[in-house]
2 protein chains.
Amino acid sequence: MERKIYLEDIPLDEAWAAWRGALAAAGLWRPLGVEKVSLAEANGRTTATAIWARLSSPHYHASAMDGFAVRAQDTHAATETNPVHLTLVEDFDSNADSGLHPAKAVNTGHPLPAWANSVVMIEHTQPVADEHGRAAIEIRASLPPWQHVRAMGEDMVATELVLPANHTLRPVDLGALAGSGHTAVPVYRRPRVAIIPTGSELITAEDAARDGVRPGQIIEYNSLVLAAQVENWGGQPTRWPIVPDEFETIQTAVREAAANHDLILLNAGSSAGSEDYTAHVVQSLGTLLVHGVAVRPGHPVILGMIDTVTRWQGDKVQVDHPLTLSPPHPVTPSPPRPILGVPGYPVSAALTGEIFVEPLLARWRGQPPYQPQTLTAVLTRKVVSHTGDDDFVRVAVGNVGGRTLATPISRGAGVISSLVRADGIVRIPRFSEGADAGTAVTVHLYRPAHEIENSILVIGSHDLTLDLLAQFLAERSNRRLVSANVGSLGGLVALRRSEAHLAGSHLLDPETGEYNVSTIRQYLPGQAIVLVTLVGREQGWIVPKGNPKGLSGWADAARPDVQMVNRQRGAGTRVLLDYELGKLGITPEQVRGYGREEYTHLAVAAAVASGTADAGLGIRAAARALELDFVPLAHEQYDLVIPQVYFESDLLRPLLDLLHDADFRTAVAAMPGYDISPMGHTHLVALPLMDDA
Amino acid sequence: MERKIYLEDIPLDEAWAAWRGALAAAGLWRPLGVEKVSLAEANGRTTATAIWARLSSPHYHASAMDGFAVRAQDTHAATETNPVHLTLVEDFDSNADSGLHPAKAVNTGHPLPAWANSVVMIEHTQPVADEHGRAAIEIRASLPPWQHVRAMGEDMVATELVLPANHTLRPVDLGALAGSGHTAVPVYRRPRVAIIPTGSELITAEDAARDGVRPGQIIEYNSLVLAAQVENWGGQPTRWPIVPDEFETIQTAVREAAANHDLILLNAGSSAGSEDYTAHVVQSLGTLLVHGVAVRPGHPVILGMIDTVTRWQGDKVQVDHPLTLSPPHPVTPSPPRPILGVPGYPVSAALTGEIFVEPLLARWRGQPPYQPQTLTAVLTRKVVSHTGDDDFVRVAVGNVGGRTLATPISRGAGVISSLVRADGIVRIPRFSEGADAGTAVTVHLYRPAHEIENSILVIGSHDLTLDLLAQFLAERSNRRLVSANVGSLGGLVALRRSEAHLAGSHLLDPETGEYNVSTIRQYLPGQAIVLVTLVGREQGWIVPKGNPKGLSGWADAARPDVQMVNRQRGAGTRVLLDYELGKLGITPEQVRGYGREEYTHLAVAAAVASGTADAGLGIRAAARALELDFVPLAHEQYDLVIPQVYFESDLLRPLLDLLHDADFRTAVAAMPGYDISPMGHTHLVALPLMDDA
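Every residue gets a number counted from 1 within its own chain, in the order that chain's sequence is written. Key to labels: chains lettered from A, ligands numbered from 1, both in the order written. In view of the model being predicted, local features appear only for residues whose pLDDT reaches at least 70, and side-chain atom pairs are presented and counted only at 80 or more, with totals across whole chains, interfaces and linings using the full set of residues. Think of the side-chain values as coming from all heavy atoms in the structure, minus any hydrogens and water.

With that out of the way, let us pick up the sheet that holds strand E8 (residues 126-129) of chain A. Note: strands within a sheet are paired through backbone hydrogen bonds, in either parallel or antiparallel orientation. Residue and element names in this part refer to chain A. Any two strands with at least two DSSP bridges between them are considered paired. Numbered from the N terminus, helices here are DSSP runs of H or I no shorter than four residues, and strands are runs of E no shorter than two. Across the sheet, which stays open at both edges, the six strands sit in the order E7-E4-E6-E5-E9-E8 with mixed pairing between neighbours. Strand pairing shows two members of the sheet lacking a second neighbour, strand E7 (118-121) and E8, which therefore form its edges. Mean inter-strand twist for the sheet, computed between neighbouring axes without regard to direction, equals 45°. For strand E4 (residues 67-70) and E7, the ladder comprises four bridges, and the chain directions are antiparallel. Each residue of the ladder has a partner; that of Val70, found in E7, is Ser118. Lines fitted to C-alpha atoms define the axes here, with helix axes fitted over just the stretch in contact, and angles between the N-to-C directions of these axes take values from 0 to 180 degrees.

And the structure:
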């Protein structure tokens, strides 16, 4: 088994410097070329040169109003009491001194006759007859010259600069270009980007939907993400079919791509695993510049340059490495092509796109790298980073109690849903080893700041109803529900720290049989808190289809032949389990798998579905979702714990309204094991101040 | 001549309410429908429903590292001094108690064998032989269960919410959808928008480029701007060919458009002019809701609904007004279609798009109206607004001396270049009659705030070299040159008010023969100012080709047969003219056209080119630009006046560097009448503090 074990750890800036240097040496650290496109196709493209006006606009003196063209000097005597009459004409010879004071009807945009120098609005005239009985207009105020006249060149004068180079064209720019005599515009050519997914374990989403997926098979979607990124950044992506892990096959795909693409993204095969061919392929076809960058996620990035020449044989393009070139053919050398080995984990792949592809495509559009909107936020949890790496931490962002908070979400490089949910990203610099809770950090935002102002942060226990709430809120309002699952107790702690607007909680007080109240009094002393019941629900054993081990009660948790999966400390479900086991005198040591902690009901169900656990305590809906069986053990109440100040806020109004919405209630009731009868029951938890003295 | 003179003035919110009401009544104030598109085509589209996971991701327990799958319990005894050996296996039967401690090589993504529950990284192992001589690994630390395992559903659990409805899809979202078992996604159908330009005076940009334009002809480009807007806002535009001003022809075009478009934009013909057919066409085919909205620019907006039914005859679609419907045909009624009469002036047209089209298209995408980034800025000049109208004022925005400033730019509805140059727009509410200089206003930005931070504001005299500077800066740096032409003196006043970073000035001191110094001392007392010469240049009479009136010297300004055009008060060119005329004893009253003021050299040249003036004082390059002749009269020096604090700033560095750049100097020298030998000459103007006492 031959494996390369260590990747080189090159800091991000050095990696970029090496690549930029190689690109510059190849003449590729600048836009790749210019093409002329018609204005109808130019929206969003970037000007490759400055554009100068060919025509003036307007290109003649034009009436700016509906009215009459006149000579200002003919109106000097006009006053309210001494009106002047101007005779309507079609043509007028200003050299023949006819004594006539002419006026010619003009509409907006009509050319001003050569003899005229002003326009009177039709509203300021009365139709009359002049002293010879000819049609005329009467005016009762004098006009200055050039009144209501759009002078030639008022907008743009021929030869004036209309747009500079490197300007990304917006709708109004197209108007200015057409108005100044252009029909087409020179723009930078769009780079062609080949995206090659490699890996014998990969299958397409279409194949997965048709044939199902087997363990070990992975649905290939990085190429979809990378292609959409390339498209958003002004490139033209080409998605290759999946290439199996065979050196020759990958090499051939890269050669073919290099023949007519400006950049090659070779996905996966860049870990140190046995399928790692990317580095060898790059070495075999050109120069391997960087193998491994000190960033997380994204570590095993590969940067290189492919040296290709293109050999034309009739209509067919063949590409060869210089060393294997056969001389008799006509040879057209093509420039070296940059190649990026993109890590296989989806979060690493997407971030590698942002870090390495976007700045290059921006450069090829004559633009600086994208600068996201940023804001400063307070980190709610400690982040521990690998020393020596720049660490890109996904965060959820929200405003609570006047503070902007950044809460780290999943660090896993395989968790694409964490990028979907992320509001932004925080870069923890290398050698800082992380950042403490309470640190002010700069968040590079993934969504507009105003959306964050409309975010409702719910932290605490997980319930599937929260997903429905999120969906209904998105459809019915501009509010966005951002939830984090840390268990009921974690939610109360988050409220105490002012890190959430509300918490989901189902903490049973064994002494009173009441839910939540005593724990709230303990954790949130002296605060006015409103408890709003979201839903009643069933808890029980989630077991495989057919309940093969025949679980029936709490005591089964201690059976030596039953492998359990548990929830994390502080979860209401765990409190319930501990309470019931305690009543039976069962200790944690007696429960196999007590230490295996999952953070959601669905994760518990997933553990059972995969066969690694025989049972776990959870809600019926989670069992049903994964087509498992369910042994009901208890009814419980799931509440929303809301500080009064947020309960009365506009921010939460749409959420609270939903609890009384028939459609929402119907949707919740349709989920198995849910009881909507208590939904919306509200009571203020009376909270005497604790005596601190 | 029958003309409708007055338009109704309906306030913006009432106009919108009327239209929204009619749209809601027709069931059109909501997304128009749903279509399912493949993930490869879904980037940027908006989800029409919530999307739930079909598969868990991962759908099996997967190794998260390259290494070996093991049982954690087999490693409990391992320490640095007491290594444990695990035997390499391919298969293992956990029920047969063989005493074997198994390990299986796995790579990242491989499924965990059913008997295993943890993964040890390859870096933490050594290859050895076990006690029977079989291949094994040695480990020197114990492993917890589930180490380096991506548990089934770690990313997403089947049935979990992946994305809510009304979510605009980004690249990573496509990955999450594919990873959770989707190949396509239901998105809102893109609305089809017909854009119909009307006007017998209109010609296409292509015709203009081929055949030239005659006075009275106008290049049609509003449809280009509106189509690009519609595209950016998620619609599918169809540009109609230009429709002449004929009632029946316009009516036919609208009927055809209504047959298969969701929205009709009927451009121009919406002023009160004689070509005003839009209102009548709307009335003839449906309901005219609003005729004239109290906004500027954009006043003559028309809002209405077309009542159509579609009559199918074989393959041909015919559209009829209900009244003219012939009963024997099979009839498919189609919903009413909203129609918007878009004003003809380009700025009005573009703003009408922003005000009326964008919010409707947003609604049809399930989104709230676009919320631009805003900032608060201080208005540098008084704005007078028409009472009763909401006034949308285009502004240039920049940061000078720590203040963010909004400077109103051209108010003309025909000046599309003003929208090109605008950094944002300020809404002056109706009945406020305007806003004073110094007022804090909210600017809706047209460009990212960070671009504004990189803006260099130059206010003062106009010179064509500034256009070249803008072009080179855009190509060579991230700086943006924003210039306003207010004459030399106006520039110094702007510096005094801290409204610009530098000013262009060529103010001759008649007593010393020096440029700028004495006036700077007068206007900017006590300030450290650096004077940097931009260029030397020729001033003279700009005259028609062949100099038909034979102008040769300053005295010709007073000839009774010569019609002049002048520059505005405070312009260096005007100072020069006044100085030279004064030396000859010529008074303004003796100069015909002395009172006709233009703000730039090119505008003076345009006046001469159009034949409305025989001559004007200006620079040779302006004469050459419009192919006019030039009678040289004087050499002068054009300086950049820069407060020392900005002269030394990073902001201006790229601009000052350009003055010593060979390419830039060559480009300036190529313009006629320019002398680059003094370019970049720099001297600090010594400025004794004025005695205010």
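A separate point is the interface of chain B and chain A. Contact criterion: two residues are considered in contact whenever any of their non-hydrogen atoms come within 4.5 Å of each other. Counting residues at the interface gives 106 residues for chain B, matched by 106 residues for chain A. When chain B packs against chain A, close to 8,600 Å² is buried across both sides, 64% of that on carbon and sulfur atoms. Each reported salt bridge corresponds to a side-chain nitrogen of Lys or Arg within 4 Å of a carboxyl oxygen of Asp or Glu. At the boundary of chain B with chain A, the tally comes to zero salt bridges. What qualifies as a polar contact is a pair of N or O atoms within 3.5 Å, subject to a donor-acceptor requirement within protein and to the restriction that residues adjacent in sequence count only when both atoms come from side chains. Summed over the shared surface of chain B and chain A, the number is 26 residue pairs in polar contact (both at pLDDT 80 or more). Counting residues per element, the side of chain B that touches chain A draws most heavily on helix H2 (residues 171-179) of chain B, at eight residues. Using a 1.4 Å probe, buried area is obtained as the accessible area two parts lose upon being combined, added over both of them.

Looking now at the domain arrangement of chain A. Domain borders in the structure are assigned automatically or taken from a domain database. Domain annotation of chain A identifies domain 1 (12-30 + 191-364), domain 2 (34-58 + 154-188), domain 3 (62-150), domain 4 (374-447) and domain 5 (495-692). When each unit is reduced to the centre of its C-alpha atoms, the spacing between domain 2 of chain A and domain 5 of chain A is 62 Å.

Before going further, it helps to examine the layout of surface pockets. Residues are said to line a cavity or pocket when one of their atoms sits within 4 Å of a point; the points come from a 1 Å grid over protein atoms alone, cavities being sets where a 1.4 Å probe fits but cannot get out and pockets being open sets with protein on both sides within 12 Å along at least five of seven lines. Grid points are joined across faces, edges and corners, and a volume is the space filled by probe spheres set on the points. Within this model, the second largest pocket holds a volume of roughly 1,100 Å³. As for the second largest pocket, its lining consists of 38 residues, of which Gln563 and Thr612 of chain A together with Ala114, Trp115 and Asn117 of chain B are closest to the centre. Looking at the lining of the second largest pocket residue by residue, the classes come out as 15 nonpolar, 14 polar and nine charged. Note on residue classes: Ala, Val, Leu, Ile, Met, Phe, Trp, Tyr, Cys and Pro are nonpolar, Asp, Glu, Lys and Arg are charged, and everything else, Gly too, is polar.

Here we come to the environment of Leu32 of chain B. As for its position among the elements, Leu32 of chain B is in the loop between helix H1 (12-25) and strand E1 (34-38). Counting along the chain gives 158 residues from Leu32 of chain B to Arg190 of chain B, while the straight-line C-alpha distance between them is 8.2 Å.

Moving on: the relation of the copies chain B and chain A. Each copy is superposed on the other by least squares, with the fit set by C-alpha atoms of residues at a pLDDT of at least 70 in both. By a simple turn and slide, chain B fits onto chain A: the slide is 0.0 Å along the axis, the RMSD is 0.1 Å, and the turn is 180°. Both copies are brought into coincidence by an operation consistent with a two-fold rotation axis. Closest to the rotation axis within chain B is the C-alpha of Gln373 of chain B, separated from it by 5.1 Å. A share of 99% of interface residues in chain B that are also interface residues in chain A marks the association as one of identical surfaces.

Looking now at the sheet that holds strand E24 (residues 337-342) of chain A. Residues and elements named next belong to chain A. Overall, mixed pairing links the six strands, which are arranged E16-E13-E17-E24-E20-E18 in an open sheet. If you trace the sheet from one side to the other, it starts and ends with strand E16 (236-239) and strand E18 (286-291), each paired once. Neighbouring strand axes in the sheet, compared pairwise and without regard to direction, differ in orientation by 20° on average. Examined bridge by bridge, strand E13 (residues 192-197) and E16 share four bridges and lie parallel to one another. In the strand pairing of E16, Val193 is matched with Pro237. Helix H4 (residues 222-232) contacts E13, E16, strand E17 (263-267) and E24 of the sheet and is inclined by roughly 165° relative to E16. Sheet contacts for helix H7 (residues 346-364): E13, E17, strand E20 (302-306) and E24; angle to E24, the most-contacted strand, approximately 165°.

So, about empty space enclosed by the protein. Residues and elements named next belong to chain A. What the rule picks out here adds up to one cavity of 30 Å³ or more. In this structure, the largest cavity encloses a volume near 70 Å³. Along its surface, the largest cavity is lined by Ala396, Thr407, Ile409, Arg421, Leu457, Val458, Ile459, Val482, Ser483 and Ala484. Elements supplying a minimum of two residues to the lining of the largest cavity: strand E32 (455-460) and strand E33 (480-485). Its residues assigned to classes, the lining of the largest cavity comprises seven nonpolar, two polar and one charged.

A few words on the packing of helix H4 (residues 222-232) of chain B against helix H7 (residues 346-364) of chain B. Residue and element names in this part refer to chain B. Remark: H4 packs on H7, axes separated minimally by 10 Å, with the N-to-C direction vectors making an angle of 25°. Considering their axes alone, H4 and H7 lie roughly parallel with respect to each other. The way H4 lies across H7 gives a crossing that is right-handed. Here Asn222, Val225, Leu226, Gln229 and Val230 of H4 come into contact with H7, specifically with Pro346, Ala349, Ala350, Gly353, Glu354, Val357 and Leu361. Of the residues assigned to the contact of H4 with H7, the class counts are eight nonpolar, three polar and one charged. Oblique is the label for every angle not falling under 35 degrees (roughly parallel), over 145 degrees (roughly antiparallel), or within 65 to 115 degrees (roughly perpendicular). Crossings are assigned a handedness: left-handed for a near helix turned anticlockwise from the far helix by less than a right angle, right-handed for a clockwise turn.

Our next topic: unusual backbone geometry. Leaving glycine aside, a negative phi is the common case for residues, and trans is the common case for peptide bonds. In this structure, the amide linkage connecting Arg296 of chain A to the following residue, Pro297 of chain A, adopts the cis form with an omega of -10°. Assignment of secondary structure puts Pro297 of chain A in the loop between strand E19 (295-296) and E20. Positive phi, close to 45°, is recorded for Asn547 of chain B, a residue that is not glycine. With respect to the helices and strands, Asn547 of chain B occurs in the loop between strand E35 (529-543) and strand E36 (564-567).

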